[in-house]
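The chain contents come next:
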Amino acid sequence: MILVTGAAGKTGKAIVRQLAAEGHAVRAMVRRAEQQAELRQLGATETPVGDLEHAADVSAAVHGVRAVYHICPNMHPREFSIGKTIIDAAAQAGVGHFVYHSVLHPQVAEMPHHWEKMRVEGYLFQSGVPFTIVQPAAYMQNVLAHRQRISVDGVYPVPYSAGTRLGMVDLADVAAAVAAIFSAPESHVGGTYELATDERLSQTEVAAVLSESLGRTVRVEQQSLLAWEAQARAAGLGEYQIETLLKMFRYYDRFGFWGNGRVLTWLLGKPPTTFTEFVYNYFHMN
Ligand SMILES: NC(=O)c1ccc[n+]([C@@H]2O[C@H](COP(=O)([O-])OP(=O)(O)OC[C@H]3O[C@@H](n4cnc5c(N)ncnc54)[C@H](OP(=O)(O)O)[C@@H]3O)[C@@H](O)[C@H]2O)c1
């Protein structure tokens, strides 16, 4: 049995679906009872409801599993504390393999959600629990948050300059790589794997791929940080999340954010999905 935390989120659902499809028994931990049915449909055999900030819930969730796949809720202000709680629980329960869903370049202190993951990685090294760490780049799926504006208005809005270069990864490739790790756990213990591609697309190039695939002009539109912030606040996003995302956008604008595709190619046994393939699959196959 593999415990997957944060299972009802975007990442969690992709991981649960893939692990279950490959024959693993999955315990999907969710926060709310109404999320259980969907996780069952994705193939989870057990769907405990619990709060990752409550040590008793976490201990109950890790009890009896052979492995843990830990996904912390996105931009959580207490990611380190949550990580510590579940790593301690895994050590206590004698879990044989702990795989942590980190992020590409956790070393970047200017992005608090990266830095928190760096601290969790450090705690894991010292825990004595056999571990593997995966460090995914930004997901291609994030672009789909704007699918309405892209398809209807022909606009791709971004809160950084059009020249900002990002290397994105398909979440489906991340899930397939994670399943490969769980198919031969012993050989991956101690590994830290960057899950990225070789692409470094400017936002203008992202818009060009969208234009080509949709057969209509899609132009990139830089949104000011002030406008983005007002929109995020109106949509009810929390203050910590707003501050963290603003820091991330400033960092992206200044330095870009990309990795290298060699490790993911090795784990998948084939080159990772390109953004062009992803867009084609999404807009033409769905
Ligand atoms: N997005 C990217 O491009 C990217 C790239 C690399 C790494 N990552 C990392 O991937 C991770 C997952 O991101 P995501 O966007 O998939 O997450 P998400 O969609 O925000 O999902 C988080 C899930 O955790 C649940 N949750 C929140 N607080 C909880 C608590 N206290 N106890 C138990 N469950 C709780 C949420 O439940 P509710 O539905 O009730 O809120 C939600 O189902 C993050 O750590 C992120 O940094 C993301």
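Here's what I pulled together on the structure shown here. Only a predicted model underlies this, so the values are computations on that prediction, with no experimental measurement involved.

Rules behind the numbers
Residues numbered from 1 in each chain as written. Predicted model: local features only at pLDDT ≥ 70, side-chain atom pairs only at ≥ 80, totals over all residues. Heavy atoms only, no water. Helix = DSSP H or I, 4+ residues; strand = E, 2+ residues; numbered from the N terminus. Rg over C-alpha atoms; globule rule 2.2 N^0.38 Å. Buried < 20%, exposed > 50% of the residue type's maximum accessible area, 1.4 Å probe, protein only. Contact = heavy atoms within 4.5 Å. Areas by Shrake-Rupley, 256 points an atom, 1.4 Å probe, with all protein chains shown as cover. Lys, Arg positive; Asp, Glu negative; His and termini not counted. Charge placed at Lys NZ, Arg CZ, Asp CG, Glu CD. Near = heavy atom within 4 Å. Polar contact = N/O pair within 3.5 Å; in protein donor to acceptor, adjacent residues only side chain to side chain. Axes fitted to C-alpha atoms, helices over the stretch in contact; angles between N-to-C directions. Parallel < 35°, antiparallel > 145°, perpendicular 65-115°, else oblique. Left-handed = near helix turned anticlockwise from the far one by under 90°. Nonpolar A, V, L, I, M, F, W, Y, C, P; charged D, E, K, R; others polar. Pairing = 2+ DSSP bridges. Phe/Tyr/Trp six-rings, centres within 6.5 Å; stacked < 30°, edge-to-face > 60°.

1. Focus on the overall build of the protein chain
Piece 1. Helix and strand counts for the protein chain come out as 13 helices and ten strands.
Piece 2. Computed over C-alpha atoms, the radius of gyration of the protein chain comes to 19 Å, within 12% of the 19 Å expected from 2.2 N^0.38 for 286 residues, which places it in the range of a compact globule.
Piece 3. Put simply, the protein chain has 286 residues, and 51% of those count as buried.
Piece 4. Restricting to contacts in the protein chain with at least 6 residues of sequence separation, those with at least 24 account for 74%.
Piece 5. With an accessible surface of roughly 12800 Å², the protein chain has 52% of that area assigned to carbon and sulfur atoms.
Piece 6. If the 24 positive side-chain charges of the protein chain are averaged to one point and the 27 negative ones to another, these points end up 2 Å apart.

2. Side note on the site of the ligand
Piece 1. Taken together, the neighbourhood of the ligand is formed by 24 residues, with Thr-11, Arg-32, Gln-35, Leu-52 and Lys-117 sitting nearest.
Piece 2. Here Cys-72 contributes a backbone N or O atom positioned 2.8 Å from an oxygen atom of the ligand.
Piece 3. Residue Asn-74 places a side-chain N or O atom 3.2 Å away from an oxygen atom belonging to the ligand.
Piece 4. When the free accessible area of the ligand is taken as 940 Å², the share hidden by the protein chains comes to 85%.

3. Overview of unusual backbone geometry
Piece 1. Even without being glycine, Met-75 reaches a positive phi, approximately 55°.
Piece 2. Counting through the fold element by element, Met-75 comes out in the loop between β3 (67-70) and α4 (79-93).

4. Considerations on the packing of helix α10 (residues 225-234) against helix α11 (residues 239-255)
In helix packing, the relevant descriptors are the interaxial angle and the interaxial distance, both defined with respect to the helix axes.
Piece 1. Where α10 meets α11, the axes come as close as 11 Å, and the angle between the chain directions of the two elements is 155°. Compared by their axis directions, α10 and α11 come out roughly antiparallel. Classified by chirality, the crossing of α11 by α10 is right-handed. When α10 is examined against α11, the residues Leu-225, Trp-228, Glu-229, Ala-232 and Arg-233 are found in contact with a partner set consisting of Glu-239, Ile-242, Leu-245, Leu-246, Phe-249 and Arg-250.
Piece 2. Tallied by class, residues from the contact of α10 with α11 come to seven nonpolar, no polar and four charged.

5. Looking at the pairing of strand β6 (residues 155-158)
Piece 1. On β6, burial covers both faces: Val-155 and Pro-157 on one face and Tyr-156 and Val-158 on the other are all buried.
Piece 2. In the sheet, β6 pairs with strand β10 (residues 219-222) via four bridges, with the strands oriented parallel. The residue of β10 that forms the bridge with Val-155 is Arg-219.

6. A few points about the packing of aromatic side chains
To describe a pair of aromatic rings, you give the distance between the ring centres and the angle between the ring planes.
Piece 1. Summed over all chains, the structure comprises ten aromatic pairs.
Piece 2. Each ring, one from Tyr-251 and one from Phe-255, has its centre 4.9 Å from the other, and the planes form 45°; the classification is tilted. Of this pair, Tyr-251 and Phe-255 are both found in helix α11, four residues apart, which corresponds to roughly one turn of the helix.
Piece 3. A relative accessible area of 15% means that Tyr-251 is categorised as buried.
Piece 4. An aromatic cluster of at least three residues, connected via ring pairs, comprises Tyr-160, Trp-228, Phe-249, Tyr-252 and Phe-257.

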